[in-house]
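Below are the chains, spelled out letter by letter.
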Amino acid sequence: MKKTYLGAAFYPEVYGKDLPTLKQDIEFMKKGGFNVMRIAEFSWSCMEPHDGVYDFEWLHTIVDTLAENGIKTIMCTPSATPPAWFTKKYPEALSIDESGRRKQHGARRHCCSNVPVYREYSCRIAEKLAKEFANDPAVIGWQLDNEIATFDRGCSCPDCMRAFHTRLRQKFGSIENLNKAWNLNMWSQAYESFEDIPHPDERTWSNPSLISEYTSFNSDSHADFMRIQAETLRANGVTAPIGTDMMPFFLQSHPKTTAPLDVIQFNHYNTLDNLWVSTFWFNYCQNLKPDVPFWNTETSTSFNGSAAIPAARYPLGFCRINTLLPFAFGSEMNCYWLWRSHPSGHELMHGSVITTQGRPLYNFNEIEQVSALLDKSEDFLASTKAGRPDFAMTASCNTGIMFIASPTVEKFDYIKKITEAYHSFFGTGMLPQVIEPCMPLDDVKVLYSPYLMTLEEGDFAARLEKWINDGGIWIAGPLTDIRNSELAKYPDSPYGILERITGIYNDFGMSAASIPAKVVWNSGLVGDTDVWTDVFTLTDGMESLATYYSNDIEPSPLDGLTAAAFCPVGKGGVIVLGTQPDAAAMAEIARYAYAKAGIDPGVTSDSNVLAIERIGERNGLVLAEVEHRAGSVQLDGSYRDLATGNIHSGTVELRPYGFMVLEKL
Amino acid sequence: MKKTYLGAAFYPEVYGKDLPTLKQDIEFMKKGGFNVMRIAEFSWSCMEPHDGVYDFEWLHTIVDTLAENGIKTIMCTPSATPPAWFTKKYPEALSIDESGRRKQHGARRHCCSNVPVYREYSCRIAEKLAKEFANDPAVIGWQLDNEIATFDRGCSCPDCMRAFHTRLRQKFGSIENLNKAWNLNMWSQAYESFEDIPHPDERTWSNPSLISEYTSFNSDSHADFMRIQAETLRANGVTAPIGTDMMPFFLQSHPKTTAPLDVIQFNHYNTLDNLWVSTFWFNYCQNLKPDVPFWNTETSTSFNGSAAIPAARYPLGFCRINTLLPFAFGSEMNCYWLWRSHPSGHELMHGSVITTQGRPLYNFNEIEQVSALLDKSEDFLASTKAGRPDFAMTASCNTGIMFIASPTVEKFDYIKKITEAYHSFFGTGMLPQVIEPCMPLDDVKVLYSPYLMTLEEGDFAARLEKWINDGGIWIAGPLTDIRNSELAKYPDSPYGILERITGIYNDFGMSAASIPAKVVWNSGLVGDTDVWTDVFTLTDGMESLATYYSNDIEPSPLDGLTAAAFCPVGKGGVIVLGTQPDAAAMAEIARYAYAKAGIDPGVTSDSNVLAIERIGERNGLVLAEVEHRAGSVQLDGSYRDLATGNIHSGTVELRPYGFMVLEKL
Amino acid sequence: MKKTYLGAAFYPEVYGKDLPTLKQDIEFMKKGGFNVMRIAEFSWSCMEPHDGVYDFEWLHTIVDTLAENGIKTIMCTPSATPPAWFTKKYPEALSIDESGRRKQHGARRHCCSNVPVYREYSCRIAEKLAKEFANDPAVIGWQLDNEIATFDRGCSCPDCMRAFHTRLRQKFGSIENLNKAWNLNMWSQAYESFEDIPHPDERTWSNPSLISEYTSFNSDSHADFMRIQAETLRANGVTAPIGTDMMPFFLQSHPKTTAPLDVIQFNHYNTLDNLWVSTFWFNYCQNLKPDVPFWNTETSTSFNGSAAIPAARYPLGFCRINTLLPFAFGSEMNCYWLWRSHPSGHELMHGSVITTQGRPLYNFNEIEQVSALLDKSEDFLASTKAGRPDFAMTASCNTGIMFIASPTVEKFDYIKKITEAYHSFFGTGMLPQVIEPCMPLDDVKVLYSPYLMTLEEGDFAARLEKWINDGGIWIAGPLTDIRNSELAKYPDSPYGILERITGIYNDFGMSAASIPAKVVWNSGLVGDTDVWTDVFTLTDGMESLATYYSNDIEPSPLDGLTAAAFCPVGKGGVIVLGTQPDAAAMAEIARYAYAKAGIDPGVTSDSNVLAIERIGERNGLVLAEVEHRAGSVQLDGSYRDLATGNIHSGTVELRPYGFMVLEKL
């Protein structure tokens, strides 16, 4: 049996329930080496053409025919697109949009996750679907809904407002507590009752704490909607893993959404300009729930597009590298969106495996290459895990949501900035595991937390402090530990725990753009300040790691003041960063932390090449060039290329978008 | 009698019904050589100050006084601006805007063309006006409404929705047919009844087929509103030609709107940056209904502007060339907007012939030059037609509307792109006639159809196929024949007829921006790909005209594949373009097609000079420099300059914005 | 007693009514030399926690504790932020926003100044506050509301519309008069009754006269709301000066708002990029009501910010110069916004004197320098006035509002352009007093009026004409005297009075961007045209001051025509400018006017240094470098530096952001 899956999103129903193209589809699937298809996510109206009237025969035909040809199925619940008879009968299920009006039928995700009747009908169709397919061995997994998330301030329907007020009441107990927690003496904002708290709509200069809370509420509402669907499937016999396909954003909490689910499903669309960014997310996904599988459920073979194709480039080899990258980071699967281009309506300008007319796209041969490579390397991949556990860096959905409500610095984009920080380690042999603060720190020796606005996520602060005292080296900041869970500053210190546990003193801080200054690091590296500039006063035992100085043009008020320091704490210590280092300085900081922690980096490479260690029953490396130019890696021994059988040692060269799976000899 | 008209939009009513400035106006009109004024288009409240109470005396005074001074009138129906008493009495006549609210009184076109009471009152005032002026010999033409069109998704009032649902029912018969035609199994969009289909408002990710259909509906609603006004005028004795002034956009269908009308009326406002673009439109207008006159009803003497003057340049000579250009393309008339600057309120910063205070603008002398030139050349112009009929290029409002709903490639602008394609022929002696697909192809020998999304416009596809078989050479694509009339792809071929009639095979296609590639044409010209890149497999008898190859920086997946080909069909053939050629390559393609068709180009010139052949009882050329720099033309014999009497042969030089009418000797 | 005030906005209530941080605050206030705090502007809910239930004890504690420590108070009425119980009980008090919906509680200024119940409650809390603090000697002044203004088209609630219709009825008497004044025959706009006139909302192409009138109405509504609050305070015993803090915009009329008030209060936030602009406003403020004090009520110690800090620079020394500049222009006070950073919610990323945690910011030492300098120079400053009264330039809120409704030239920004014109005089020894047209011209000898759209402001036109005839030299234009008070053009002349009083003739005019032209001034200076280009015909006795000519690239239609002229009028004369001169040419024009008026410039300097004359019982100069680079001044005698005691004569050098108070010896 195959240990890796290559698949696609498959919408035969758009060609008619009589499945006129199914035979042709299967021919090309077999030719391309496909072994899984994801189906039915938007086909509610085909499953239940009228209220309570069901038709699954066509769906069985698809699943069965695929299975007969060696192709498994991921079955989807169709809640993202309720039928017209539903939205017509229950207009109250439609979300209320920014303009204060109900959304209308004809697009996607127009119903509100908090409306009881929508939940009821969504679970009912899920139940029927489970009863049909729970015991079908061809169905290897389930997907709930599709790309559930809220991109603006969300719905303000009565069900939402009621649920939000209940949430606030449960969280704060009394309105006085909420007024205090959110500092609502300011501007006479203080509310008299929970029911008075409004939706933070975008036409209003809304309170950041309210925005943050409502964004979390939107996320939690969706997560709960996923949970009840999962429970419905399980109650009706489903045992195959259940997930929901998430996107590379933090508006929807990944940890909370996936908590009750059995598989991490992830969708992404990158181009020549940002292919490397996807590897941050694969890393994040593989660590989000380490004990469950990670499936890359969507990416494009080529161009993205709905009514028009955007002007992004997909050079020769892009499809191949883009398909293989998730496998380097522990994914068991890659699915394209979509198998066959739509014939009309929405999204018909999106790249696919075959065209509407059943002709393969220009890069079908790259897909065949992927299949061949997976054949030869899947045993190795299945018996190893990606990356060493001793270096980790935090990425927090919770903090992401807070930064959206309170960006702190103009245009600050948390995901962009932590992704850049992650990029600093490319080529250094020190690629961190990307983890949520809720993850255990047991195997971690060095932890890097850039812009981790609050430590008040579950018991993270307490675990972190203990871990440091037990020997961990924490690289903190800038903009780390600066707010409590309600987005408020701390009253006595700019930090929640940093000053207390380290003894360091923050004199003051401000946006890096506000003040002319440069920074010189202990290694001699000189750089610009970035994002923020905190100034510290050190005490005995601390080591200054960087100092501000005046730039060439004008005197800096920070000249000579301390920008970063190491503070010993128990058996470990904290490296406090007052400003964000550039990539070279960040690598130096990591090397310093590695030395403190007594660990060694792995193999080094050019910065455009990722060298991902694979560790387990067998050992090796996956090499991937991600910037479409040549690059090389300095191997630390002899390795066998599983695709060619060639033995490599010393320097190995990769062509643009090259990808190699190497087993250590 | 004059054979050409020089006029302006005239609003004496804004100075008061006692017409205090009329005498001064007429003095300047005579001085400038004006012989027509367009009046009354916004003066409903002066004609009908109260419901059913009419006053046309002031209007007769204007018409009569002008006539006594040799100035004719174009009379306008005032439906664009109903009076306050009307919108107050019938608020249901106001359109519903994007925010879901009724528009309000005080601007223009705030009433909905589909509301019966608005239609009734609009026809009633048209009837009264006709009864007053139908037999007035001074009224040489009529204009309906003003610049009727919908710029966004249009009105969603109950009358509109009812009419739209009726239209759909008539078109599709059953909702099942509509669901199928629009592919509404996708996303469970399928509707249960026509009444459920919503307005495609911009806050919704609306279905492109719905958007396209509604845009056509808006256009057809306005066209029908024009039709009933025209019928009202005719029923009340009007025999002078009736038109409506259209704009250089395709949101409002020109062929459908003008079908029941007697004259093409056209408004445009160009500047130094885009003066040449206007010539595309004049060409289009002269061919839209070849048997009726074409009148340029609006352009500016200088700057455009409402509450502010935009930062566009109008150099010395601009007024002269801008006024004369339409005459080169068959227009009988040029009218300025406006005669005298408004004294306050809207549009008071717009250029005019004289100022609010009755002083001529700086370029009044250029207008006098125009009059003098028209005096000397109008006999020649009246006895000739512009351009040779053997080369034509298609421009389709229908396709334009479809591209708005489905741009196919990001930022693709159909009008801009076909205009650029038209510009390729400047200077080559091969300026095509711009025609709608509904036009006959009888005299055409080479037809160029760039981006003609669908051939399903009336019987165009069938006529085209026959015309090719009978010997026509069709230059097709890219993005031509790719959708049916409902915006759907074809199921078995990327094209409706192209593969079937030619035998060519489209391997695949994608946006040009998605893939690095260059293209080499048979002539040896090398260029970039543009807009799209289709790859073809040829069979015996076809000739490859262009091949893709890798660009300097990176390998292309298209390297060595065919980009364009000639396919013989019957006595004619098709040149299939997979990517848009640059100007030089396009001219080569046209020369190749001319050779296939056995026809010869005309006189050549610098690309900034238009040399428009005038053919008829007499023969000659109109030369026009359109980029404000010197340029020259290579004459093919001896010509007399009708302004100076000078004889020219060989190379003739034009100064910036030069304009010459030359009769062949 | 101190003669200057250094203060800050102080919000102890956000830390709790038990004032837990008050002691620490006072320690830092004393250390920094602060002697005034502005309090309570947003604390209505703390003063009146329930309808009719009051609590002023905590407020007395603050005022008293500050007073005990030598710190005075500015007390504020809290109407900008009514409590939740109020907006809940009286939702009709909430403004109706652009989307047609009521604003919601939780931000600022969400209630409408025209709603009676909001006025009633606002006056009631003002009355209570007055009764508590009218006789408290620690309260040295009062502030009403906060930054009252309307940034968009304002509220459209029934109370507003009723008040607007009443205003129109009072102003015009009959609807016919309004229709005529606004030219509403155009587009059949004419209304049947005042009640039909709609709110000029932004979704509509609204009539500019309506927009202008409604903007004035908004401003007047707010001004009246301020007036009734002031009267309430006075009726309840307040004798300390009452003001309201205004902003550097003209949407809210400064003269009308401050007319019934006792002190000019002003807020501004400038950065490295535009620090000099603030001096325009200080100049304007010191002249707005010359007999009342001017207090700079808000500026930042450093960075601005709400949920994020913008990317603006605040170099070393910025805080010092930014604090001192208003004192150079007659301000008695500078207050920072804010004393201590907010702990959470809105605006918590704004710069302050101390942080949320009670730590001074990096530039606290600059504040200490300010205090020291004020100690040494306040006697001198208190006994002098800023600037000479013989040269003035007009800045008109009325014209500012009109230009918003009718920008005339694309992107024309009246404030930006008059500020640039003011900047022309930096370094020339001819810095004008900036005055509203309502101010007396008694001491003025040269008056400069750039872009003064209308002279129809009170009796300005008549006073101006008399002043010119009596010997004044008026520099007028461009875009001056071009509209009447209703935004209409004049019927017989492009100007209201200019042609009549001077005899000059305006041939035509257009936007400078429309026409290629350069201009040569009599001094020989050559420059570009800017904003506008009027062409004049002169008669005997007039002197041409500038001529248009063709630029290097293309011929200009204006070549050789007159661009500016001096016209003798009575004992004085008018310099008419057809286009805006650049800085050098403007300075030449001013020198020419000075010569005509028989007056002499003062000391000259580099253009980055302001040399503000201080005249009175003592005499001297304040020097300020405003562009963060070195600069020098050419003194006209010997001066003592009041900070150092040093004597300067000849050339004195200033370091970047240098500031010196020099007394003439």
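Note that the coordinates shown come from a computational prediction; the quantities given were computed from them, not determined experimentally.

1. Overview of the packing of aromatic side chains
- What the rule picks out here adds up to 129 aromatic pairs over all chains.
- When the centroid spacing of 5.9 Å and the interplanar angle of 55° are considered together, the rings of B:Trp85 and B:Tyr121 count as tilted. Residue B:Trp85 is found in helix H4 (residues 84-89), and its partner B:Tyr121 is found in helix H5 (residues 116-133); the two are separated by 36 residues along the sequence.
- Among the residues examined, B:Trp85 registers a relative accessible area of 7% and is labelled buried.
- Between the aromatic rings of C:Phe28 and C:Phe364, the centroid separation amounts to 6.1 Å while the plane-to-plane angle is 80°, which identifies the pairing as edge-to-face. With C:Phe28 in helix H1 (residues 22-32) and C:Phe364 in helix H12 (residues 364-382), this pair connects stretches of sequence that are 336 residues apart. Of the two residues, C:Phe28 and C:Phe364, neither departs from the other in class, the shared state being buried.
- The aromatic ring of A:Tyr15 is capped on one face by A:Arg340, whose charged end is 5.4 Å from the ring centroid.

2. Points about the side chain of A:Gln189
- By secondary structure assignment, the location of A:Gln189 is in the loop between helix H7 (175-181) and helix H8 (208-235).
- Of note is the side chain of A:Gln189, whose polar atom sits 2.9 Å from the backbone oxygen of A:Met186.
- In this view, A:Gln189 contacts A:Leu184, A:Asn207, C:Ala84, C:His105, C:Gly106 and C:His346; residues no more than four positions away in its chain are not counted.

3. Overview of helix H12 (residues 364-382) of chain B
All names here are of chain B.
- Along its 19 residues, H12 runs 25 Å from first to last C-alpha, staying within 8% of the 27 Å computed at 1.5 Å per residue.
- At Lys376, H12 shows its maximal kink, close to 50°.
- The set of residues buried in H12 consists of Phe364, Glu366, Ile367, Val370, Ser371, Leu373, Leu374, Ser377, Glu378, Phe380 and Leu381.

4. Overview of the relation of the copies chain C and chain A
- Relative to chain A, chain C is turned by 120° and slid 0.0 Å along the rotation axis, the superposed coordinates differing by an RMSD of 0.1 Å. The transformation just described matches what one would write down for a three-fold rotation axis. If distances are taken from each C-alpha of chain C to the rotation axis, the shortest is found for C:Ser99, at 4.2 Å.

5. Some words on the confidence of the model for chain A
- Across chain A, pLDDT averages 96, with 100% of residues at or above 70.
- Interface predicted TM-score (ipTM) for the complex: 0.96; the corresponding pTM is 0.96.

6. Structural notes on the sheet that holds strand S31 (residues 659-664) of chain C
Residues and elements named next belong to chain C.
- Reading across from one edge, S11-S25-S26-S31-S28-S29 is the order of the six strands in this open sheet, with antiparallel pairing throughout. The strands lining the two open edges of the sheet, one partner per strand, are strand S11 (384-386) and strand S29 (647-648).
- As paired elements, strand S25 (residues 609-616) and strand S26 (residues 620-625) share six bridges and run antiparallel to each other. Looking at the pairing, Val609 lines up with Glu625 of S26.
- In this fold helix H11 (residues 318-328) packs onto S11, S25, S26 and S31, with an angle of close to 30° to the strand it touches most, S31.

7. Quick look at the pattern of salt bridges
- A full pass over the atoms with the stated rule returns 123 salt bridges over all chains.
- The partner of A:Asp51 in a salt bridge is A:Lys89, and the shortest N-O contact between them spans 2.7 Å. With A:Asp51 in the loop between helix H2 (44-47) and helix H3 (57-68) and A:Lys89 in helix H4 (residues 84-89), this pair connects stretches of sequence that are 38 residues apart.
- For B:Arg167, the salt bridge goes to B:Glu213, with nearest N and O atoms at 2.9 Å.

Cut-offs applied
- Residues numbered from 1 in each chain as written.
- Chains lettered and ligands numbered in written order.
- Predicted model: local features only at pLDDT ≥ 70, side-chain atom pairs only at ≥ 80, totals over all residues.
- Heavy atoms only, no water.
- Phe/Tyr/Trp six-rings, centres within 6.5 Å; stacked < 30°, edge-to-face > 60°.
- Helix = DSSP H or I, 4+ residues; strand = E, 2+ residues; numbered from the N terminus.
- Buried < 20%, exposed > 50% of the residue type's maximum accessible area, 1.4 Å probe, protein only.
- Lys NZ or Arg CZ within 6 Å of the ring centre and 35° of its normal.
- Polar contact = N/O pair within 3.5 Å; in protein donor to acceptor, adjacent residues only side chain to side chain.
- Contact = heavy atoms within 4.5 Å.
- Expected span 1.5 Å × (residues − 1).
- Bend = angle between axes of the 7 residues up to and from the residue.
- Least-squares fit on C-alpha atoms with pLDDT ≥ 70 in both.
- pLDDT = per-residue confidence, 0-100.
- Pairing = 2+ DSSP bridges.
- Axes fitted to C-alpha atoms, helices over the stretch in contact; angles between N-to-C directions.
- Salt bridge = Lys/Arg side-chain N within 4 Å of Asp/Glu carboxyl O.

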